[in-house]
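So you can see what is in the structure, the chains are spelled out below.
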Amino acid sequence: GGAGTVAFEIGVGYFSGGQFVVEQFLMRDYPEEPMLLAQIQKLLRAFPMLATFNGRTFDMPLLQSRFLLHRMQGYDEALPHADVLHAARRVWKLRLGSCNLQRLEEAVLGVTREDDLPGSQVPQTYFQYLRNGDFAPLERVLEHNRQDLVSLAQLFFYLCQLHEKPETTGETADLISLAKAAQKRGDTGKAKKCYRLAAHSEHRALAFHALAAQEKREGNPQSAVKLYTAMIARGDEPVAACEALAKLYEHQLGNPGQALAYTRQALLLLSEPTLTESETVQTSRIALQYRYARLRRKLSGDAKS
């Protein structure tokens, strides 16, 4: 970043005639930058949307600054822009942790780069070319950029496919992430579908809990009760399920007696001896004890009246 940063090589990929075309522009010296920018400006105007990988943070602000520096009209910031990095994190961060492009290539696309030039070495390779005029090392820069573009197109397509047909993924952790993404954009039907698919995996407890919470939000407390009781029967996060049932019976079903019973059950489960006791367990116990005492007072008051 900064005023001295120059976009000396820019790659653009697009579909044409059923093929994916890669165009790469490299300035041989600094005076050629306006010419390079003019070509990019022309391409940006030719398409209805833009897809990048971390482009919102790096590529496009840098390009915009170079346009302004040369008194050229920048790209239209109203142009729809899909930054695949953020979409990738929403889907794959739970399973992969790191979502840099190389990690996604290996884990999602099955691509392993051979003799790849690390991105950190690209600037010094270009500056060396400016000093000695030897173009050969820049071939690796162009190949690195070409693979970036091809991977970007593949990831973009794959993400669209996953959001459209989540059942096509073979990774249940990705189903959980897809469900959360669908919830965030208000597509509860798609979210519930993803959670149901994930309910047959090692993420069953999380899926059941999320489905039950969604049923509560939609005003279906009895459906939520069935899901939480199924969790208790299977031993899937029974403390959390008991606490959720206590809240349901107290606030939505108007049955403080049943709420007290589930609060007591949760406290009994938390009282089982363990070698270590986390801060989370202590916090849960205190909250449940408070709920238990409040429900006892409420029931005692109802009995007196």
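Residues numbered from 1 in each chain as written. Predicted model: local features only at pLDDT ≥ 70, side-chain atom pairs only at ≥ 80, totals over all residues. Heavy atoms only, no water.

### Focus on the overall build of the protein chain
Line of reasoning, step 1. Along its length, the protein chain carries 13 helices and four strands.
Line of reasoning, step 2. The C-alpha radius of gyration computed for the protein chain amounts to 28 Å, which surpasses the reference 19 Å derived for 305 residues by more than 25%, pointing to a less compact arrangement than a globule.
Line of reasoning, step 3. Counting only C-alpha atoms and orienting by the principal axes, one finds that the protein chain spans roughly 90 × 40 × 35 Å.
Line of reasoning, step 4. Per-residue burial over the protein chain gives 41% buried out of 305 residues.
Line of reasoning, step 5. As displayed, the protein chain offers around 17200 Å² of accessible surface, 52% of which is attributable to carbon and sulfur atoms.
Line of reasoning, step 6. Positive and negative side-chain charges in the protein chain, numbering 37 and 34 respectively, have mean positions lying 11 Å apart. (Helix = DSSP H or I, 4+ residues; strand = E, 2+ residues; numbered from the N terminus. Rg over C-alpha atoms; globule rule 2.2 N^0.38 Å. Buried < 20%, exposed > 50% of the residue type's maximum accessible area, 1.4 Å probe, protein only. Areas by Shrake-Rupley, 256 points an atom, 1.4 Å probe, with all protein chains shown as cover. Lys, Arg positive; Asp, Glu negative; His and termini not counted. Charge placed at Lys NZ, Arg CZ, Asp CG, Glu CD.)

### Regarding the packing of helix α3 (residues 84-96) against helix α4 (residues 101-109)
Angle between the axes and distance between the axes: these two values describe a pair of packed helices.
Line of reasoning, step 1. Contact geometry for α3 and α4: axes closest at 12 Å, N-to-C directions at 75°. Classed by the angle they form, the pair α3 and α4 counts as roughly perpendicular. Along the contact surface, α3 presents Ala 88, Trp 92, Arg 95 and Leu 96, while α4 presents Arg 103, Leu 104, Ala 107 and Val 108.
Line of reasoning, step 2. Tallied by class, residues from the contact of α3 with α4 come to six nonpolar, no polar and two charged. (Axes fitted to C-alpha atoms, helices over the stretch in contact; angles between N-to-C directions. Parallel < 35°, antiparallel > 145°, perpendicular 65-115°, else oblique. Contact = heavy atoms within 4.5 Å. Nonpolar A, V, L, I, M, F, W, Y, C, P; charged D, E, K, R; others polar.)

### Brief notes about empty space enclosed by the protein
Line of reasoning, step 1. Tallied over the entire structure, the rule returns one cavity of 30 Å³ or more.
Line of reasoning, step 2. In this structure, the largest cavity is lined by Leu 162, His 163, Pro 166, Leu 178, Ala 182, Arg 185, Lys 190 and Cys 194.
Line of reasoning, step 3. Where the lining of the largest cavity is concerned, the elements lending two or more residues are α6 (138-164), α7 (172-184) and α8 (188-198).
Line of reasoning, step 4. Counted by class, the lining of the largest cavity contains five nonpolar, one polar and two charged residues. (1 Å grid on protein atoms, 1.4 Å probe; cavity = no way out; pocket = protein on both sides within 12 Å on 5 of 7 lines; lining within 4 Å. Points joined across faces, edges and corners; volume = space filled by probe spheres on them.)

### Some points on the packing of aromatic side chains
Line of reasoning, step 1. For the structure shown, the criterion picks out eight aromatic pairs.
Line of reasoning, step 2. An angle of 40° between the planes, with centres 5.1 Å apart, marks the rings of Tyr 14 and Phe 47 as tilted. Residue Tyr 14 is located in strand β1 (residues 9-16), and its partner Phe 47 is located in the loop between α1 (33-45) and β3 (50-52); the two are separated by 33 residues in the primary sequence.
Line of reasoning, step 3. Residue classification places Tyr 14 among the buried positions, given a relative accessible area of 16%.
Line of reasoning, step 4. With a centroid separation of 6.0 Å and an interplanar angle of 85°, the aromatic rings of Tyr 129 and Phe 135 are classed as edge-to-face.
Line of reasoning, step 5. You can call Tyr 129 buried: its relative accessible area is 11%. (Phe/Tyr/Trp six-rings, centres within 6.5 Å; stacked < 30°, edge-to-face > 60°.)

### Describing the layout of surface pockets
Line of reasoning, step 1. In this structure, the largest pocket occupies an estimated 1500 Å³ of space.
Line of reasoning, step 2. For the lining of the largest pocket, the secondary-structure elements that each account for two or more residues are β1, α1, β3, α2 (55-69), α5 (122-132) and α6.
Line of reasoning, step 3. Here the residues of the lining of the largest pocket are counted per class, giving 32 nonpolar, nine polar and three charged.
Line of reasoning, step 4. A volume near 170 Å³ is recorded for the second largest pocket.
Line of reasoning, step 5. What lines the second largest pocket is Phe 53, Asn 100, Leu 101, Gln 102, Glu 105, Arg 113, Asp 116, His 144 and Asp 148.
Line of reasoning, step 6. Elements supplying a minimum of two residues to the lining of the second largest pocket: α4 and α6.
Line of reasoning, step 7. When residues in the lining of the second largest pocket are grouped by element, the largest group, three residues, is from α4.
Line of reasoning, step 8. Its residues assigned to classes, the lining of the second largest pocket shows two nonpolar, three polar and four charged.

### Considering the pairing of strand β2 (residues 19-26)
Line of reasoning, step 1. With eight bridges joining them, β1 and β2 adopt antiparallel strand pairing. Note on β2: the bridge partner recorded for Tyr 14 is Val 21.
Line of reasoning, step 2. As consecutive antiparallel partners, β1 and β2 are separated by two residues, and within that stretch Gly 17 has a phi angle of approximately 60°, a positive value. (Pairing = 2+ DSSP bridges.)

### As for the side chain of Arg 113
Line of reasoning, step 1. By the element assignment, Arg 113 lies in the loop between α4 and α5.
Line of reasoning, step 2. A polar atom in the side chain of Arg 113 sits 3.4 Å from the side chain of Asp 116.
Line of reasoning, step 3. Separated by 2.5 Å, the side chains of Arg 113 and Asp 148 make a polar contact.
Line of reasoning, step 4. Beyond its immediate sequence surroundings of up to four residues, Arg 113 is in contact with Leu 101, Glu 105, His 144, Gln 147 and Asp 148. (Polar contact = N/O pair within 3.5 Å; in protein donor to acceptor, adjacent residues only side chain to side chain.)

### Here we look at the environment of His 144
Line of reasoning, step 1. Relative to the assigned elements, His 144 resides in helix α6.
Line of reasoning, step 2. Along the sequence, His 144 and Leu 109 sit 35 residues apart, while their C-alpha atoms lie 16 Å from each other.
Line of reasoning, step 3. Excluding residues within four positions of it along the chain, His 144 makes contact with Arg 113, Asp 116, Leu 117 and Gly 119.

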